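Structure assessment
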Amino acid sequence: MLDSNSHPRFGDKQNSAFFEEFLPRVLAERDRCGLTEMIGGIEAIMISVEPGKSIEYIAELSLMTPYHYLVTLDSLKHLTHVLRIDMDSPDLLLREVKNPEYSDIFRSLNDLSPVGAQRPHSRYLGEILRATNRHEVVAQQQAREFRFFPVGQLADLDLPLNVSMSQPSPYTHNMVGYMERPDDGIRVYQHGDCVILPEAQAAYERGKDMQENLGIKDLILPIDHLATRVYSQNREVALLEYLALSSYYYWGSYDIKDQNSSTNVTKNVRGEPESRTPAKVFTANNLPYCVNHLDHQPSPTETFVRNYGPRLHHMALAVQDGQTRDKENIDFVVDAISSQGMGFLLDTVGSREEGLKQIFSSASTFSSLIVEYVQRFGDFQGFFAKDNVAHLTYAAGLEEGVQARMAQ
């Protein structure tokens with residue numbers, strides 16, 4: 001039996017007595033009842049974009065990531081484009097509503113926030129996890145008071161019917177879904193008609209041709225981690241909630257004092273590489289915004305949450321270790337993509353001596369998501385360097401602050 005409490009812990013963030021009591025209990029009970037064994041890694045990542053913007057986003061992702069356009073699921077209310085690397089990495093499901101006036105629970109979540117409301121259909125929806133027995137997993141989770149959309153609501157929301165979807169989290173506003181797949185089977189989504197859209201195929205080919213011409217096609221690797229930002233008071237419960245819903249374990253938390261925040265990491269309990277099932281990161285202020293003025297504390301993380309709502313902030317992709325034309329591969333990739341007009345929030349931070357280099361792109365105009373690139377050197381196994389995270393958080397906060405002022 002898997003032992004979710006057997007992994008070493010990293011970091012220097014001090015957690016509450018509540019968290020330290022319930023963390024081992026949540027993981028031990030999940031192991032005991034068989035949920036850890038039944039729940040696998042991330043099968044798919046769901047993102048929604050504004051009407052008419054998914055084709056441009058496919059072109060952007062084709063340049064900036066290793067994803068390939070596979071097929072479009074044409075359903076009553078949405079076009080859902082399936083992007084895939086291979087069966088060893090999660091799919092991307094890009095969901096575009098057909099009617100700009102369409103409203104559902106996801107749009108309502110955006111409407112609650114001043115900047116989020118400017119792109120009412122653009123948001124990260126959540127992950128779909130693999131399950132060996134989907135109905136048993138859902139039954140056990142419902143017995144633990146987790147709520148799922150009934151089949152009728154799934155159909156009304158125009159979501160795949162072979163996926164069981166939780167209702168959005170009160171802490172992260174993300175969903176968690178479960179689907180079954182045989183070990184030797186391919187991922188199939190029971191959702192609409194499968195079509196190859198010529199405009200989607202053309203956008204994909206443009207992006208890949210550009211990747212090839214720039215010489216970066218083989219340098220960008222699959223997703224390394226997914227980072228969600230939450231309110232300070234929800235940091236610990238968001239972690240416990242995701243650990244209860246998944247087969248992840250608590251890797252640890254680092255206190256980024258310069259930015260009044262902490263970075264909190266969970267990883268798959270089976271020890272699979274992040275390329276197969278990305279780490280899940282939760283970032284939160286150390287102190288709530290309402291007391292920051294007393295000691296003049298910065299608040300980039302909570303400012304983001306107040307402006308956009310709790311949601312995914314960025315998805316990080318690994319970069320192949322090595323050098324190209326006397327540059328570290330990450331610098332070569334960033335320079336190449338920058339030459340095509342994509343902005344970045346700062347220069348790469350970190351070094352070979354520190355073990356890794358990282359950088360944030362500007363937020364996509366199509367999904368509001370930031371892409372992070374991370375290159376680890378040699379056998380470095382760490383998740384990040386604290387100074388790197390401080391620089392990245394500060395740079396992201398500057399851009400998000402500008403966007404917030406424009407929304408007022």
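These numbers come from a predicted model, not from an experiment.

**Regarding the overall build of the chain**
Check the secondary structure of the chain and you find 12 helices and 19 strands. Computed over its C-alpha atoms, the radius of gyration of the chain comes to 20 Å, within 12% of the 22 Å expected for a compact globule of 408 residues. When contacts within the chain are restricted to residue pairs at least 6 apart in sequence, those whose partners lie at least 24 apart make up 71%. If you sum the accessible surface of the chain, you get close to 16,600 Å²; carbon and sulfur atoms cover 50% of it.

**Considering a negative patch on the surface**
On the surface, a cluster of negative charge is contributed by Asp258, Glu353, Glu354 and Asp387. Take Asp387: it is sitting in helix 12 (residues 386–407).

**Some points on the sheet that holds strand 11 (residues 248–256)**
Backbone-to-backbone hydrogen bonds pair the strands of a sheet. The strands run either parallel or antiparallel. Pairing in this open sheet of nine strands is mixed, and the strands run 1-11-12-13-10-14-19-18-17 from one edge to the other. Lying at the two open borders of the sheet, with one neighbouring strand each, are strand 1 (10–11) and strand 17 (349–351). Helix 10 (residues 300–308) rests against strand 10 (220–230), strand 12 (261–268), strand 13 (279–285) and strand 14 (311–319) of the sheet, and its axis sits at about 80° to strand 10.

**Some points on the side chain of Ser361**
By secondary structure assignment, the location of Ser361 is in the loop between strand 18 (356–360) and strand 19 (370–376). With residues up to four places along the chain from it excluded, the contact list for Ser361 reads Met64, Met342, Gly343, Phe344, Leu345, Ile370 and Val371.

**A closer look at the environment of Thr228**
Mapped onto the fold, Thr228 is located in strand 10. C-alpha of Thr228 to C-alpha of Gln140: the two residues are 88 residues apart in sequence and 26 Å apart in space. Residues contacting Thr228, with those up to four places away along its chain left out, are Thr172, Asn174, Lys280, Val281, Phe282, Thr283, Arg311, Leu312 and His313.

**Quick look at the sheet that holds strand 6 (residues 123–131)**
Taken in spatial order, the eight strands of this open sheet run 7-8-6-2-5-4-3-9, and their pairing is mixed. Every interior strand has two partners, whereas the edge strands, strand 7 (164–165) and strand 9 (193–195), have only one. Note that strand 3 (residues 68–74) and strand 4 (residues 78–84) share six bridges and pair antiparallel. Bridging from a neighbouring strand, Val71 pairs with Val82 of strand 4.

**As for the side chain of Glu127**
By the secondary structure assignment, Glu127 is in strand 6. A polar contact of 3.0 Å, which involves the side chain of Glu127, links it to the side chain of Lys280. Excluding residues that lie within four positions of it along the chain, Glu127 makes contacts with Ile42, Ala44, Met46, Met175, Val176, Gly177, Leu226, Tyr242 and Lys280.

**Examining the packing of aromatic side chains**
Applying the stated criterion across every chain yields a total of 10 aromatic pairs. Measuring from ring centre to ring centre gives 5.6 Å for Tyr242 and Tyr248, while their planes differ by 85°; the resulting arrangement is edge-to-face. Judged by its relative accessible area of 5%, Tyr242 is buried. Classification of Tyr248 as buried rests on a relative accessible area of 0%. Judged by centre distance (5.9 Å) and plane angle (55°), the ring pair of Tyr242 and Phe282 falls under tilted.

**Description of helix 5 (residues 134–143)**
An α-helical turn contains 3.6 residues, so a residue and the one three or four places further along point in the same direction. All of the buried residues in helix 5 are Arg134, Val137, Val138, Gln140 and Gln141. Seen along its axis, helix 5 keeps its buried residues to an arc of 165°; they face one direction. What points out from helix 5, more than 90 degrees from its buried face, is the exposed set His135 and Ala143. Against the buried residues of helix 5 lie helix 2 (35–38), strand 2 (39–49), strand 6, strand 7, strand 8 (175–179) and helix 8 (235–245). Immediately downstream of helix 5, the backbone of Glu145 shows phi near 80°, a positive value.

Analysis parameters
Residues numbered from 1 in each chain as written. Predicted model: local features only at pLDDT ≥ 70, side-chain atom pairs only at ≥ 80, totals over all residues. Heavy atoms only, no water. Helix = DSSP H or I, 4+ residues; strand = E, 2+ residues; numbered from the N terminus. Rg over C-alpha atoms; globule rule 2.2 N^0.38 Å. Contact = heavy atoms within 4.5 Å. Areas by Shrake-Rupley, 256 points an atom, 1.4 Å probe, with all protein chains shown as cover. Patch = residues over 30% accessible without salt bridge, like charges linked within 9 Å, V, L, I, M, F, W, Y side chains within 5 Å. Salt bridge = Lys/Arg side-chain N within 4 Å of Asp/Glu carboxyl O. Lys, Arg positive; Asp, Glu negative; His and termini not counted. Charge placed at Lys NZ, Arg CZ, Asp CG, Glu CD. Pairing = 2+ DSSP bridges. Axes fitted to C-alpha atoms, helices over the stretch in contact; angles between N-to-C directions. Polar contact = N/O pair within 3.5 Å; in protein donor to acceptor, adjacent residues only side chain to side chain. Phe/Tyr/Trp six-rings, centres within 6.5 Å; stacked < 30°, edge-to-face > 60°. Buried < 20%, exposed > 50% of the residue type's maximum accessible area, 1.4 Å probe, protein only. Arc of directions from axis to C-beta.

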